[in-house]
Protein chains: 2
Amino acid sequence: MSTKEITNNRRSFLKTATLLGAASLYPIISFAETSLDVKSNILAEGKLILGMVVFDGFQLLDVFGPLDVFGSLRDKVSIIIIGEKGESAKSSAGPVLKLDYTFSNAPKIDILMIPGGGGTRREVKNEAFLKAFAVLAESAPHVATICTGSAVLAKTGLLDGHKATTNKRAYTWATSQSDKVTWVPEARWVEDGKFFTSSGVSAGIDMALGLIAKMFGKETAVRIANGAEYVWNDDPNRDPFAKMNGLIK
Amino acid sequence: MSTKEITNNRRSFLKTATLLGAASLYPIISFAETSLDVKSNILAEGKLILGMVVFDGFQLLDVFGPLDVFGSLRDKVSIIIIGEKGESAKSSAGPVLKLDYTFSNAPKIDILMIPGGGGTRREVKNEAFLKAFAVLAESAPHVATICTGSAVLAKTGLLDGHKATTNKRAYTWATSQSDKVTWVPEARWVEDGKFFTSSGVSAGIDMALGLIAKMFGKETAVRIANGAEYVWNDDPNRDPFAKMNGLIK
């Protein structure tokens, strides 16, 4: 999807929402004016935009676990990849992902996500990255972090006063990014207001399904998990890795 | 890693292996001749090459679940992405992955993998793809398929006479690609000789950990699963999705 298409879709949607006085965050069908792209269908007009922010040294499963499950909602959600600059981001394991947008031209995001990975050690010290990421996170109605992605969000200050969790092996480092966050040591994921924060790596899949359950209903989340032959840990408090890593007795 | 680096590493390794009369498939340290890249370390010389074959319409988690867990073995395994042609492949969910190689210039692969996804419907009819993929699969000492990736492998004929499994929802279509394969309806994954075939999507993570256990020891697989905060289903016969999809009573 091009910037222009998204901008047009966005503009149509916002205009429609204003016309209808619509408060719903999840318009599946909108009676939008005809966009400049006459081939676009009505459903596309109302799609939510999921923006995944990446950086060199991102952890593969942090990104692609959540995107795989949200990828099953093609009629409701468009996925875009956002980086600080350049044209791609290299994962810690090697594979290189193409960026669709950079911070400078990213559209408004409905569901913003940020993964963990070795690269977070660099980004918590990168003022330009933190500032641009915070702008997106402030305006997004849903913000989700996976693994040490919560360390980056915490560093912006936006998590202050909120409950959150993070990777259980990197817990000391991640939680040191802000002492104004109520860090939860035993949680698969934590929901607090618009923020969803998950535990390490694979926990992002469970959290993403939790977010889908909140937004589209639990039945939809269960259907997607079964389609991926995934045994969903649907209890945010069930976390065997807190004890394993000595965070609780 | 560049083609040149891989070719050099490969050449050094093969020469060393011949000199030593080494039969081991997993040389962690090789006494290789100095490669042209004097900065490369000895460990890098003996790295195995994991080649993930992708195509437009690949399923994200099929690719990045296994690559995430193998990505924890950076001192032993180099990951490369291979496609039929072009410079990238677009997943069914949208994100675009850069190719490191195409079939025409891919190096010899130690661990070959192929995912499933909507694109497999096209590739089972793509003679050029099947032929080139079969060449890689014939020479690779380990071949692993995720989800409907087994349909593509089955179509090459290389699975004939072997046991295998596949996605449980797309079971009828996938198994119709060869009636000379002994398809196993209830299995998280199946190992038969050099072939590892997994059930749908997330099952690829369990299978990849099973392959790591075989190649590097179960302790290594458990350590990687725990690091990813992943509750590994380590029993290839434990498959709740066979019954759910009506394949067994």
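Computed from a prediction, not measured in an experiment: that's the story for all the values here. (Residues numbered from 1 in each chain as written. Chains lettered and ligands numbered in written order. Predicted model: local features only at pLDDT ≥ 70, side-chain atom pairs only at ≥ 80, totals over all residues. Heavy atoms only, no water.)

Attention now goes to the confidence of the model for chain A. With 82% of its residues at a pLDDT of 70 or more, chain A shows a mean pLDDT of 87. Here residues 1–44 of chain A is modelled with pLDDT under 50, and outside its nearest four sequence neighbours on either side it reaches 51 contacts, counting other chains as well. (pLDDT = per-residue confidence, 0-100. Contact = heavy atoms within 4.5 Å.)

So, on to the interface of chain B and chain A. Interfaces are frequently sized by the accessible area removed from exposure as the parts join. Contact with chain B, which involves 36 residues of that partner, is made by 36 residues of chain A. Carbon and sulfur atoms supply 60% of the area buried between chain B and chain A, which totals about 3,100 Å² over both sides. Applying the counting criterion to the chain B and chain A interface returns 18 residue pairs in polar contact (both at pLDDT 80 or more). Those elements that place two or more of their residues in the side of chain B that touches chain A are helix 3 (60–70), strand 2 (77–83), strand 4 (96–98), helix 9 (218–227) and helix 10 (240–244) of chain B. Sorting elements by how many residues they give to the side of chain B that touches chain A places helix 3 of chain B first, with six residues. For the side of chain B that touches chain A, the per-class residue count stands at 18 nonpolar, 10 polar and eight charged. (Buried area = accessible area lost by both parts, 1.4 Å probe. Polar contact = N/O pair within 3.5 Å; in protein donor to acceptor, adjacent residues only side chain to side chain. Helix = DSSP H or I, 4+ residues; strand = E, 2+ residues; numbered from the N terminus. Nonpolar A, V, L, I, M, F, W, Y, C, P; charged D, E, K, R; others polar.)

Residues and elements named next belong to chain A. Reading across the sheet, the seven strands line up as 5-2-1-6-7-11-10 and stay open at both edges, with mixed pairing between neighbours. Pairing within the sheet leaves two strands with one partner each, and these edge strands are strand 5 (101–102) and strand 10 (189–192). Both strand 2 (residues 77–83) and strand 5 contribute to a ladder of two bridges, which runs parallel. Each residue of the ladder has a partner; that of G83, found in strand 5, is T102. (Pairing = 2+ DSSP bridges.)

Quick look at the pattern of salt bridges now. All names here are of chain A. One pass over the full model with this rule turns up 12 salt bridges over all chains. Across the salt bridge formed by D75 and K76, the nearest N and O atoms sit 3.6 Å from each other. Judged by relative accessible area, which is 36%, D75 ranks as partly exposed. (Salt bridge = Lys/Arg side-chain N within 4 Å of Asp/Glu carboxyl O. Buried < 20%, exposed > 50% of the residue type's maximum accessible area, 1.4 Å probe, protein only.)

This brings us to the nonpolar core. Counting residues in each nonpolar core, the largest one holds 147 residues, and the members touching the most others are F70(A) and F70(B). Apart from residues lying up to four places away in sequence, F70(B) is in contact with L50(B), V77(B), I79(B), I111(B), M113(B), A208(B), L211(B), I212(B) and F216(B). (Core = buried A, V, L, I, M, F, W, Y, C linked by side-chain atoms within 4.5 Å.)

In the superposition of chain B on chain A (RMSD 0.0 Å, axial shift 0.0 Å), the rotation amounts to 180 degrees. Here the symmetry operator amounts to a two-fold rotation axis. No C-alpha of chain B lies nearer the rotation axis than that of L97(B), which sits 2.4 Å from it. Interface overlap between copies: 100% of the residues of chain B at the interface are likewise at the interface in chain A, consistent with a symmetric, same-surface contact. (Least-squares fit on C-alpha atoms with pLDDT ≥ 70 in both.)

Another point: the packing of aromatic side chains. Think of a pair of aromatic rings as described by two things: how far the centres are apart, and how the planes are tilted against each other in angle. All names here are of chain A. Considering all chains together, one arrives at nine aromatic pairs over all chains under this definition. Between F129 and F133, the ring centres sit 6.4 Å apart and the planes meet at 25 degrees, which makes this aromatic pair stacked. With F129 and F133 both in helix 5 (residues 127–139), this residue pair falls four residues apart, about one helical turn. Under the relative-accessibility criterion, F129 is labelled buried at 0%. By relative accessible area, which is 0% here, F133 ends up buried. Within the aromatic cluster, the residues linked to one another by ring pairs are F55, F103, F129 and F133. (Phe/Tyr/Trp six-rings, centres within 6.5 Å; stacked < 30°, edge-to-face > 60°.)

Here we take up the environment of K131(A). All names here are of chain A. Along the chain, K131 turns up in helix 5. With relative accessibility at 64%, the residue K131 sits in the exposed group. Taking the C-alpha atoms as reference points, K131 and K76, 55 residues apart in sequence, are found 29 Å from one another.

Moving on, we get to the pairing of strand 1 (residues 48–53) of chain B. Residue and element names in this part refer to chain B. For strand 1, the tally of buried residues reaches six of six residues, placing the bulk of the element in the interior. Residues L48, L50 and M52 line one face of strand 1 and the alternating positions I49, G51 and V53 line the opposite face, and both faces are buried. Bridge count between strand 1 and strand 2: six bridges; the pairing is parallel. By the bridge assignment, G51 is partnered in strand 2 with I80. With helix 3 bridging strand 1 and the parallel strand 2, this β-α-β connection has right-handed handedness. Across three bridges, the pairing between strand 1 and strand 6 (residues 111–114) is parallel. Bridged to G51 within strand 6 is L112. (Right-handed = clockwise from strand over helix to strand, strands pointing away.)

Residues and elements named next belong to chain B. In space, the seven strands of this open sheet follow the order 5-2-1-6-7-11-10, with mixed pairing throughout. Every other strand in the sheet has two partners, leaving strand 5 (101–102) and strand 10 (189–192) as the edge strands with one partner each. On top of the sheet, helix 6 (residues 149–156) reaches strand 6, strand 7 (142–145) and strand 11 (195–198); it is set at about 130 degrees to strand 7, its chief contact. (Axes fitted to C-alpha atoms, helices over the stretch in contact; angles between N-to-C directions.)

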